[in-house]
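Listed below are the residues making up each chain.
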Amino acid sequence: SLGFCFDAGHANMVTHPETKVKNQEIDTLQILNAMLPHIVNCHIHDNDGMHDQHNLPGRGTADWPQIVSLLKTAPRLQVIQSEVNIPANGVAVRELVETFDRLFR
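No experiment lies behind these values; they were computed from the predicted model shown. (Residues numbered from 1 in each chain as written. Predicted model: local features only at pLDDT ≥ 70, side-chain atom pairs only at ≥ 80, totals over all residues. Heavy atoms only, no water.)

## A short note on the overall build of the protein
Here is the rule we go by: A helix here means a DSSP run of H or I that spans at least four residues, while a strand means a run of E at least two residues long, and both kinds are numbered starting from the N terminus. Within these notes, the globule rule equals 2.2 Å times the number of residues to the 0.38 power, and the radius of gyration is based on C-alpha atoms. Note on exposure labels: buried denotes an accessible area under 20% of the residue type's maximum, exposed denotes more than 50%, and partly exposed covers the range between, all computed with a 1.4 Å probe on protein chains only. Contacts between residues were defined by any pair of non-hydrogen atoms, one from each residue, lying within 4.5 Å. Exposure was quantified through the Shrake-Rupley algorithm and a 1.4 Å probe, taking into account, for residues, occlusion by the shown protein chains and nothing else.
Counting secondary structure elements, the protein contains five helices and three strands. For the protein, the N- to C-terminal ordering of α and β elements is β-α-α-β-α-β-α-α. In summary, the protein has a C-alpha radius of gyration of 13 Å against a globular reference of 13 Å for 105 residues, a match within 12%. For the protein, buried positions account for 41% of its 105 residues. Excluding contacts between residues fewer than 6 apart, the proportion of contacts in the protein whose partners are at least 24 apart in sequence is 72%. Within the structure as shown, the protein displays about 6,100 Å² of accessible surface, and the carbon and sulfur contribution to it stands at 53%.

Here it is in structure tokens:
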């Protein structure tokens, strides 16, 4: 009965060479694959891998084609949430909607 929330932006930061745990060889896709059967919710945002910028997907270093491809196979996924900080990143609502539509159609 326990479900996980996969946070794409936070996973991107955990695996960045300058911020990851010393001597840990893991990447975002490995994290996602391990969590995949249990994911019920996901937070979507992007960053440079070092700072929690909550930027629009595509404005950072996350591998969106791979992430979205895997998320689409998550058997329990129910909710996809935007965690884009619209005002701080100069993102128009229309641009946000179009980006999510393009990613998840």
